[in-house]
Amino acid sequence: MIQLEPATGDQLPELLVLDAEASAWPWPKTALSRHLAKQQLWSAFEGSALVGFVVAQSVLDETSLLHLVVGRSHQGRGIGARLLALWLKRLCAAGQQRCLLEVRASNAPALRLYRKLGFTEIGRRPGYYPAESGTETAIVMALVLTQPGADLYRP
Ligand SMILES: CC(C)(COP(=O)(O)OP(=O)(O)OC[C@H]1O[C@@H](n2cnc3c(N)ncnc32)[C@H](O)[C@@H]1OP(=O)(O)O)[C@@H](O)C(=O)NCCC(=O)NCCS
């Protein structure tokens, strides 16, 4: 079972390691610290193991998913799907109307995960991300949380 809790300062070193190991483009400490201080960071636990995290920011009734990480050694076991489903369920319960995100066009695992959870592409931003050589397109995706009859993904 996955549990999501607001991240605490003492977890920051572990969160940075998870991101560095999992992401091709990990976030700097300053960025994670800033979102931690604003209570926009949630840690995901499987038992006592810190296995991932979510960074998100809400404005009125819309929430942007800014970063989602599952530790490299925990990937491919459905943790990303379960943690995202749990987090979306909470957003919905909190009255949020829509979740938005941007993802690198080359990030196949993340795209597959987001589509599986019901996100659909609503736009593209060419040249949005820095890349190994030049830049990379961002795919903008959205999920309406309160559509009548909406059936959020259940793992
Ligand atoms: C994206 C990420 C969170 C997925 O976490 P995960 O726990 O491995 O995901 P799950 O095991 O729940 O798998 C979810 C879907 O992604 C797919 N997937 C997982 N790893 C994959 C890979 N290497 N290649 C292609 N698809 C992959 C799975 O097949 C699954 O779809 P399916 O059930 O239809 O087969 C994880 O890969 C990660 O942390 N990546 C680095 C950070 C990142 O890029 N975050 C997204 C930023 S927008």
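For the structure, check the block above.
Cut-offs used in this document
- Residues numbered from 1 in each chain as written.
- Predicted model: local features only at pLDDT ≥ 70, side-chain atom pairs only at ≥ 80, totals over all residues.
- Heavy atoms only, no water.
- Core = buried A, V, L, I, M, F, W, Y, C linked by side-chain atoms within 4.5 Å.
- Buried < 20%, exposed > 50% of the residue type's maximum accessible area, 1.4 Å probe, protein only.
- Helix = DSSP H or I, 4+ residues; strand = E, 2+ residues; numbered from the N terminus.
- Contact = heavy atoms within 4.5 Å.
- Near = heavy atom within 4 Å.
- Polar contact = N/O pair within 3.5 Å; in protein donor to acceptor, adjacent residues only side chain to side chain.
- Areas by Shrake-Rupley, 256 points an atom, 1.4 Å probe, with all protein chains shown as cover.
- Nonpolar A, V, L, I, M, F, W, Y, C, P; charged D, E, K, R; others polar.
- Salt bridge = Lys/Arg side-chain N within 4 Å of Asp/Glu carboxyl O.
- Arc of directions from axis to C-beta.

Caption draft 1: Just the nonpolar core, in detail. Counting 30 residues, the largest nonpolar core has L83, L84, W87, L88, Y114 and F119 as its most contacted members. Elements that contribute at least two residues to this core include exactly β1 (2–6), β3 (49–59), β4 (62–70), α3 (79–93), β5 (98–104), α4 (108–116) and β7 (135–144). Residue contributions to this core peak at 8 residues, all from α3. Here L84 is in contact with L65, L68, L113, Y114, L117 and F119, once residues within four sequence places are set aside. By size, the runner-up hydrophobic cluster in this structure holds 13 residues, among which are A7, L15, L18 and L41.

Caption draft 2: Spatial organisation of the site of the ligand. Around the ligand sit 21 residues, and of these L68, G76, G78, N107 and K116 come closest. In this structure, V70 approaches the ligand through a main-chain N or O atom, which is 2.8 Å from an oxygen atom. At 2.7 Å, a backbone N or O of G78 approaches an oxygen atom of the ligand. Compared with its free state, where it exposes 930 Å², the ligand has 73% of that area covered by protein. Mapped by element, the contributors of at least two residues to the shell around the ligand are β4, α3, β5 and α4. The element that contributes the greatest number of residues to the shell around the ligand is α4, accounting for 6 residues. Of the residues belonging to the shell around the ligand, the class tally is 11 nonpolar, 6 polar and 4 charged.

Caption draft 3: Representation of unusual backbone geometry within the structure. Residues other than glycine seldom take positive phi values, yet Q39 does so here, at roughly 60 degrees. One can find Q39 in the loop between α2 (29–37) and β2 (41–46). The exposure class of Q39 is exposed, given its relative accessible area of 66%. We note that L60 has phi near 50 degrees; this positive angle belongs to a residue other than glycine. Tracing the chain through its elements places L60 in the loop between β3 and β4. Residue L60 is classed as exposed on the basis of its relative accessible area of 79%.

Caption draft 4: Summary view of the pattern of salt bridges. Enumeration according to the criterion identifies 5 salt bridges in this entry. In this structure, E46 engages R77 in a salt bridge whose closest nitrogen and oxygen atoms are separated by 3.0 Å. Of this pair, E46 sits in strand β2 while R77 sits in the loop between β4 and α3, and the two are 31 residues apart along the sequence. Of the residues examined, E46 reaches a relative accessible area of 23% and is grouped as partly exposed. Judged by its relative accessible area of 43%, R77 falls in the partly exposed class. Residues E62 and R98 are paired through a salt bridge, measuring 2.9 Å at the closest nitrogen-oxygen approach. Of this pair, E62 sits in strand β4 while R98 is found in strand β5, placing the two residues 36 residues apart along the sequence. With a relative accessible area of 28%, R98 lands in the partly exposed category.

Caption draft 5: Focus on α2. For α2, the set of buried residues is A31, L32, H35 and L36. Seen from one end, α2 has its buried residues packed into an arc of 135 degrees, which puts them on one side. Across from the buried face of α2, at angles greater than 90 degrees, the exposed residues are K29, T30 and A37. In the core, the buried residues of α2 are packed alongside α1 (12–22), β2, β3 and β4. Phi turns positive one or two residues past the end of α2, at Q39, with a value near 60 degrees.

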